Amino acid sequence: MKRFYSLLHYLQKRGFEVCGRIAERLGIRARVVRTSFIYLTFVTLGFGFALYLFLAFWLKIKDLIYTKRTSVFDL
């Protein structure tokens, strides 16, 4: 059981943070978004997982393009 929790902690800390960012944007808990993705994956036979990967890719590209700069001299 300890291995499971260490794996869970690793994935939550170093994951794509898709659910956390969506939850922050919507103003709800990340647990609700994660549960929704899990149910969507089971109900639609994998579409939820594909959607999750697409959003992870999209957020990564967005982060690479739009970086926040603290001042004008950071160019």
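Calculation criteria
Residues numbered from 1 in each chain as written. Predicted model: local features only at pLDDT ≥ 70, side-chain atom pairs only at ≥ 80, totals over all residues. Heavy atoms only, no water. Helix = DSSP H or I, 4+ residues; strand = E, 2+ residues; numbered from the N terminus. Buried < 20%, exposed > 50% of the residue type's maximum accessible area, 1.4 Å probe, protein only. Areas by Shrake-Rupley, 256 points an atom, 1.4 Å probe, with all protein chains shown as cover. Arc of directions from axis to C-beta. Contact = heavy atoms within 4.5 Å. Salt bridge = Lys/Arg side-chain N within 4 Å of Asp/Glu carboxyl O. Axes fitted to C-alpha atoms, helices over the stretch in contact; angles between N-to-C directions. Parallel < 35°, antiparallel > 145°, perpendicular 65-115°, else oblique. Nonpolar A, V, L, I, M, F, W, Y, C, P; charged D, E, K, R; others polar. pLDDT = per-residue confidence, 0-100.

(A) Layout of the overall build of the chain. The secondary structure content of the chain amounts to four helices and zero strands. Scanning the chain from its N terminus toward the C terminus, one meets helices and strands in the order α-α-α-α. Each of the 75 residues in the chain was classed as buried or not, and the buried ones make up 11%. Counting every atom, the chain has about 7200 Å² of accessible surface; 66% of that belongs to carbon and sulfur.

(B) Highlighting helix α2 (residues 18-26). Regarding α2, the residues found buried are V18, C19 and A23. Viewed along the axis of α2, the buried residues span an arc of 125°, placing them on a single side of the element. Of the exposed residues in α2, those oriented more than 90 degrees away from the buried face are E24 and R25. Contacts made by the buried residues of α2 are with α3 (30-43) and α4 (47-65). One or two steps after α2, the chain reaches G27, where phi turns positive at roughly 80°.

(C) Expanded view of the environment of G48. Examined against the element boundaries, G48 turns out to sit in helix α4. Classification of G48 as buried rests on a relative accessible area of 1%. The spatial distance from the C-alpha of G48 to the C-alpha of I38 is 7.1 Å, given a sequence separation of ten residues. Ignoring any residue separated from it by four or fewer positions in sequence, one finds G48 in contact with F37, L40 and T41.

(D) Seen up close, the pattern of salt bridges. Across all of its chains, the model carries one salt bridge by this definition. In this structure, R21 engages D63 in a salt bridge whose closest nitrogen and oxygen atoms are separated by 2.7 Å. On the criterion of sequence distance, the pair formed by R21 in helix α2 and D63 in helix α4 is long-range, its members being 42 residues apart.

(E) Representation of the packing of α3 against α4. Axis separation between α3 and α4 bottoms out at 7 Å; the angle between their running directions is 130°. Classified by the angle between their axes, α3 and α4 sit oblique to one another. Across the interface between the two elements, F37, L40 and T41 from α3 touch G48, F49, L51, Y52 and L55 from α4. For the contact of α3 with α4, the class distribution of residues is six nonpolar, two polar and no charged.

(F) Expanded view of the confidence of the model for the chain. Per-chain confidence: the chain averages 82 in pLDDT, with 87% of residues scoring 70 or above. Mean pLDDT in the chain bottoms out at helix α1 (residues 2-14), which sits at 79, and peaks at α2, which reaches 88.

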